[in-house]
Amino acid sequence: MNPHSLFASAAINIGLALVTLTLFSIFKKQPSFAPIYYARRLSNGQQIHFHDEIFSFRRFLPSVSWIPRAFRVTEDEILDSSGLDALVIIRLFKFGIKFFVVCSLVGLVVLLPVNYNGQDVPYQSYHSLDSFTISNITPGSNRLWVHFSCLWILSFYGLYLLYQEYDEILVKRIQQLQKIRHRPDQFTILVREIPICSEHKARGCSVDHFFSKHYPYSYHSYQMVYKEKDLEVLLSQAESIARKIEDLRERPTANKHKREILLLDGSREDAVKISLHEDSLQVFCEKIRQLQHEIVIKQKDLPVAFVIFKSRCGAALAAQSQQHSHPLLWITEMAPEPRDVSWRTLAIPYRILPLYKIGVVLAASLLTIFFAIPVTAVQGIAKYEKLKKWFPPVMAVELIPGLSSVVTGYLPSVILKGFIYIVPFAMFGMAKLPGCISKSKEEIKACNMVFYFLVGNVFFLSVLSGSLLDEIGESFSHPKNFPSHLASAVSAQADFFMTYILTDGLSGFSLEILLPGLLFWDVIKSHTVGRGTEKDPYLYSLPYFRIIPMVSLSVLIGTVYAVVAPLLLPFLIGYFCLGYLVFINQIQDVYAIVYETCGQYWPYIHHYILVAIVLMQITMIGLFGLKSMPAASISIIPLLLLTLMFNEYCKKRFLPTFHHYSIQNAVEHDELDAKSSQMEVNHEDVINAYCSPCLQPVNFLTSESSSTQPLVCSSSL
């Protein structure tokens with residue numbers, strides 16, 4: 001890729017980002033789009049104020065007021081309003097800013113001049129940007145010791161930041177656990193593989209006998225999990241009928257400005273329909289209540305139960321202990337919070353979960369293999385100069401001035417980004433299969449799958465396929481020079497990753513904040529099925545499974561190329577700054593927080609970043625070897641070992657506190673509640689917290705009349 005292609009990609013991405021962010025700043029001021037851009041605030045009952053005038057000029061004037069507002073949001077505000085999991089996302093962006101600012105200073109001030117002056121004779125290569133990379137250094141040159149020193153400096157700085165982040169987030173986790181100590185999950189454990197009581201032929205009886213015997217002073221009660229498949233079908237049908245009734249009730253209000261005769265006729269017809277639907281809904285409600293009663297009476301339970309304890313200490317001890325000599329009976333763990341429970345997967349028998357996991361691994365492997373095709377095709381487009389030698393018809397692109405720069409600079413990264421957009425959703429669907437007990441564990445599993453998929457396909461396959469396409473001709477004509485050509489090709493892929501970072505950052509983040517898919521759907525809905533009806537907020541949960549792996553991949557790309565191609569680093573600073581602003585806005589205004597794990601995502605982020613540092617060191621071992629510097633390659637091995645030792649230390653120092661609820665914290669929280677006489681209140685709240693949603697009392701026939709203050713209103717600002 002030549003500089004013209006890189007400039008073309010930068011110009012297109014910057015232009016699209018400016019247009020997109022301008023549209024966002026305008027649409028955010030429109031009351032009709034409040035259900036999209038203020039979905040979370042509306043769902044929380046907060047009022048959104050707009051200007052009085054419908055056609056106010058200020059409403060259609062672009063502004064950047066959302067940017068200083070995002071900078072004013074503090075970590076404590078995010079922690080209070082959205083929890084530690086959301087703050088972990090923001091800390092990931094802040095880590096990227098802190099790390100790559102220092103990397104950029106080292107790279108641009110130290111490495112870039114060394115690379116550019118690395119040869120007495122100008123470096124002859126198609127990749128003209130190679131003069132700014134390590135490939136411009138003459139093999140065996142003492143200048144490579146500068147790169148060696150920078151590698152050690154950046155590695156230690158990255159490890160220092162990782163330790164600091166891990167330590168600070170651990171402190172915040174402990175504080176957050178104390179703050180939410182009244183949550184039911186701190187008193188509850190999940191028990192699986194419960195045997196049937198031989199005397200009463202019921203699992204519930206077995207649970208009560210077992211825990212009354214082994215935990216006589218701390219055991220409180222239990223809640224069985226039941227088979228609810230038939231009940232779920234009835235509830236779904238009842239909810240559908242209830243939505244139809246609600247739509248019919250809203251229709252006369254929506255048509256109140258129409259002609260009087262049509263309004264009266266429509267109201268009579270709708271009243272008849274509402275009456276028929278209400279009768280049908282009443283029948284469904286009776287069936288649901290009867291089935292709920294039969295499920296409990298006939299003991300259609302699963303070998304799963306939530307066991308409640310009188311104290312947090314008792315629950316923590318039971319969750320972390322082996323209950324039976326047979327390790328596949330009475331399997332216990334701390335229960336997730338009630339809103340985080342994945343009720344559907346609790347019905348999967350524990351013994352067949354390995355089969356589900358094997359199926360997921362096979363499906364993910366097939367997706368990885370098939371994804372190699374578009375990645376290789378993308379690299380074929382990026383290597384246009386080589387491609388036109390092997391396939392002359394593509395030279396037609398040069399007939400239009402500037403088109404070749406757009407094709408080689410912008411098109412490959414857009415195509416790749418388009419393909420990988422669907423990957424997180426596919427992996428998230430697979431992650432739901434292995435029977436995770438909570439939604440958070442499903443998302444964490446999806447994060448792992450997506451990250452390693454992106455590392456294998458987007459990073460490694462892009463490098464290998466790019467190198468292969470670049471070196472086929474040279475390898476046959478000059479086989480002795482293959483090692484030096486390979487080193488040049490690996491560093492030359494920095495051009496492609498520059499365009500990828502630009503596309504993922506500028507275009508990706510700007511589209512993330514604009515939400516064009518929801519805008520398009522809202523316009524269609526407003527003019528078809530939802531015409532004239534009151535809009536509900538488009539509320540979706542914060543997609544950790546999509547954000548964390550994508551951003552972690554950018555950290556990996558920047559880390560690996562920090563010493564190889566420092567020109568990439570300023571792009572990453574802009575990437576993380578824009579992402580920081582965008583996701584503060586999305587967390588505050590758009591996405592819902594559906595659960596809180598108190599920062600359990602951070603150990604995985606820590607692992608992803610550590611993989612990036614290790615990969616950077618391994619890459620430099622290979623590059624120094626290709627540059628005829630075996631002493632430098634060997635001297636990196638101790639650094640690699642130190643990094644791995646640091647990882648093991650972090651696992652022992654921090655990780656257990658993220659996986660377990662410590663007895664010390666449990667006892668301290670119990671003592672605080674005992675002093676304030678809060679323990680009995682906690683027990684009352686816990687008893688019904690883990691009742692399955694399908695067994696909750698149904699009441700679809702609620703009155704439509706409610707005096708609520710409008711959430712979207714106009715005011716002069």
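The rules behind these values
- Residues numbered from 1 in each chain as written.
- Predicted model: local features only at pLDDT ≥ 70, side-chain atom pairs only at ≥ 80, totals over all residues.
- Heavy atoms only, no water.
- UniProt positions renumbered as here; feature names shortened; annotations may be inferred.
- Core = buried A, V, L, I, M, F, W, Y, C linked by side-chain atoms within 4.5 Å.
- Buried < 20%, exposed > 50% of the residue type's maximum accessible area, 1.4 Å probe, protein only.
- Helix = DSSP H or I, 4+ residues; strand = E, 2+ residues; numbered from the N terminus.
- Contact = heavy atoms within 4.5 Å.
- Expected span 1.5 Å × (residues − 1).
- Bend = angle between axes of the 7 residues up to and from the residue.
- Axes fitted to C-alpha atoms, helices over the stretch in contact; angles between N-to-C directions.
- Parallel < 35°, antiparallel > 145°, perpendicular 65-115°, else oblique.
- Left-handed = near helix turned anticlockwise from the far one by under 90°.
- Pairing = 2+ DSSP bridges.
- Phe/Tyr/Trp six-rings, centres within 6.5 Å; stacked < 30°, edge-to-face > 60°.
- Disulfide = S-S within 2.5 Å.
- 1 Å grid on protein atoms, 1.4 Å probe; cavity = no way out; pocket = protein on both sides within 12 Å on 5 of 7 lines; lining within 4 Å.
- Points joined across faces, edges and corners; volume = space filled by probe spheres on them.
- Nonpolar A, V, L, I, M, F, W, Y, C, P; charged D, E, K, R; others polar.
- Salt bridge = Lys/Arg side-chain N within 4 Å of Asp/Glu carboxyl O.
- pLDDT = per-residue confidence, 0-100.
- Lys, Arg positive; Asp, Glu negative; His and termini not counted.

An unreviewed UniProt entry annotates the protein chain as CSC1-like protein At3g54510 of Quercus rubra. Recorded in UniProt for the protein chain, the comment headed Subcellular location (unreviewed entry) runs: "Membrane".

Q: Explain the nonpolar core here, please?
A: Taken as a class, soluble globular proteins show a tendency for nonpolar side chains to be buried jointly. Residues Phe100, Ile420, Phe459, Leu542, Tyr561 and Met620 are the most contacted members of the largest nonpolar core, which totals 134 residues. In terms of residue count, helix α6 (residues 84-116) provides more of this core than any other element does, 15 residues in total. If we skip the residues at most four places from it in the chain, Leu542 touches Ala86, Ile89, Glu443, Ile547, Ile587, Tyr591, Ala592 and Ile593. Ile194, Leu235, Ile241 and Ala305 belong to the second largest nonpolar core, which has 35 residues in total.

Q: Can you walk me through unusual backbone geometry in this structure?
A: Working note: non-glycine residues mostly have negative phi, and peptide bonds are mostly trans. The phi dihedral of Ser628 falls on the positive side, at around 60°, and the residue is not glycine. One non-glycine residue, Ser677, lies in the positive phi region at around 55°. Relative to the assigned elements, Ser677 resides in the loop between α27 (663-675) and α28 (679-687). Using a relative accessible area of 60% as the deciding quantity, one classes Ser677 as exposed.

Q: Where do I start with α6 in this structure?
A: One full turn of an α-helix is made of 3.6 residues, so residues set three or four places apart face in the same direction. Here α6 contains 33 residues, and its C-alpha end-to-end distance of 45 Å stays within 8% of the 48 Å for a straight helix at 1.5 Å per residue. Taking the largest bend as the criterion, α6 deviates by roughly 40°, centred on Gly107.

Q: How do you make sense of the packing of helix α24 (residues 602-626) against helix α25 (residues 630-653) when you look at a structure like this?
A: A packed helix pair is summarised by two numbers, namely the angle formed by the two axes and the spacing between the axes. The interhelical angle for the contact between α24 and α25, taken along N-to-C directions, is 170°, at an axis separation of 8 Å. With respect to their mutual orientation, α24 and α25 come out roughly antiparallel. Judged by the sense of rotation from one axis to the other, the crossing of α24 with α25 is left-handed. The residues of α25 that touch α24, namely those facing His606, Leu610, Ile613, Val614, Gln617, Ile618, Met620, Ile621, Phe624 and Gly625, are Pro630, Ala632, Ser633, Ile636, Ile637, Leu639, Leu640, Thr643, Leu644, Phe646, Asn647 and Cys650.

Q: Explanation requested: α27 in the structure shown.
A: Here α27 is 13 residues long and its end C-alpha atoms lie 18 Å apart, about the 18 Å a rise of 1.5 Å per residue gives. Considering only its buried residues, α27 is in contact with α7 (144-179), α11 (312-319) and α28. Trailing α27 by a residue or two, Ser677 shows a phi angle of about 55°, which is positive.

Q: Can you walk me through the pairing of strand β4 (residues 301-309) in this structure?
A: Along β4, eight of the nine residues are buried, which leaves the element largely enclosed by surrounding structure. The sheet contact formed by strand β2 (residues 188-192) and β4 spans five bridges and is antiparallel. Each bridged residue has a counterpart across the sheet, and for Arg192 the counterpart in β4 is Val304. Pairing of strand β3 (residues 219-226) with β4 involves six bridges; the strand directions are antiparallel. Following the sheet pairing, Tyr219 is matched in β4 by Phe309.

Q: Would you explain the sheet that holds strand β5 (residues 331-334) in this entry?
A: If you trace the four strands from one edge of the open sheet to the other, you get β3-β4-β2-β5, paired in antiparallel fashion. The open sheet has two edge strands with one neighbour each: β3 and β5. Sheet twist, expressed as the mean angle between neighbouring strand axes with direction ignored, is 25°. Strands β2, β4 and β5 of the sheet are contacted by α11, whose axis makes an angle of about 135° with β5.

Q: Would you explain the packing of aromatic side chains in this entry?
A: Aromatic rings in a pair are described by how distant their centres are and how their planes are angled relative to each other. For the structure shown, the criterion picks out 39 aromatic pairs. Each ring, one from Phe93 and one from Phe576, has its centre 6.3 Å from the other, and the planes form 70°; the classification is edge-to-face. Highlighted residues: Phe93 in helix α6 and Phe576 in helix α23 (residues 569-589), separated in sequence by 483 residues. Each member of the pair Phe93 and Phe576 is classed as buried. Aromatic pair Phe425 and Phe545: ring centres 5.7 Å apart, planes at 80°, arrangement edge-to-face.

Q: Sorry, what's going on with the state of the cysteines here?
A: Between two cysteines, a covalent bond joining their sulfur atoms is known as a disulfide. The full count for this structure, using the stated rule, is zero disulfides. Of the cysteine sulfurs around Cys205, a residue in no disulfide, the closest is that of Cys197, at 3.7 Å. A relative accessible area of 17% places Cys205 in the buried class.

Q: In this structure, what is going on with empty space enclosed by the protein? I would like to understand it.
A: The gaps of empty space that remain are located by a probe, the size of a water molecule, rolled over the atoms. Enumeration over the complete set of coordinates arrives at two cavities of 30 Å³ or more. A volume near 30 Å³ is recorded for the second largest cavity. Lining the second largest cavity are Ser541, Leu542, Tyr544, Ala592, Ile593, Val594 and Tyr595. Across the lining of the second largest cavity, the residue classes tally to six nonpolar, one polar and no charged.

Q: Can you walk me through the packing of α6 against helix α22 (residues 544-560) in this structure?
A: For the pair α6 and α22, interaxial distance at closest approach is 11 Å and the crossing angle is 15°. Comparing the axis directions of α6 and α22 gives the class roughly parallel. Here α6 runs over α22; the crossing is left-handed. Contacts between α6 and α22 involve Asp85, Ala86, Ile89, Leu92, Phe93, Phe99 and Phe100 from the former and Tyr544, Ile547, Ile548, Val551, Ser552, Val555, Gly558 and Thr559 from the latter. A class-by-class count of the residues in the contact of α6 with α22 yields eleven nonpolar, three polar and one charged.

Q: Would you explain the pattern of salt bridges in this entry?
A: Close approach of charged atoms allows side chains with opposite charge to pair. Tallying each qualifying case throughout the model produces 22 salt bridges. Linking Asp185 and Arg183 is a salt bridge whose minimum nitrogen-to-oxygen distance equals 2.9 Å. The salt bridge partner of Glu337 is Arg339, with a shortest N-O separation of 2.7 Å. For Arg339, a relative accessible area of 42% puts it in the partly exposed group. Taken together, the shared-partner salt bridges in this structure form one network comprising Glu75, Arg91, Lys94, Lys98, Glu165, Glu168 and Lys172.

Q: Explain the confidence of the model for the protein chain here, please?
A: Parts of the model with low pLDDT should not have their predicted coordinates read in detail. On average, residues of the protein chain score 80 in pLDDT, and 79% of them are at 70 or above. Predicted confidence for residues 467-476 stays below pLDDT 50, and this span has 20 contacts to residues more than four positions away or in other chains. The model gives residues 703-710 a pLDDT under 50, and that stretch makes three contacts with residues more than four places away or in other chains.

Q: Would you mind showing me how to read the side chain of Arg173 here?
A: Within the secondary structure layout, Arg173 lies in helix α7. No salt bridge is formed by the buried Arg173. Its closest oppositely charged neighbour is Asp85, at 7.0 Å. With residues near it in sequence (within four places) discarded, Arg173 still touches Leu84, Thr597, Cys598, Gln600, Thr657, Phe658 and His660.

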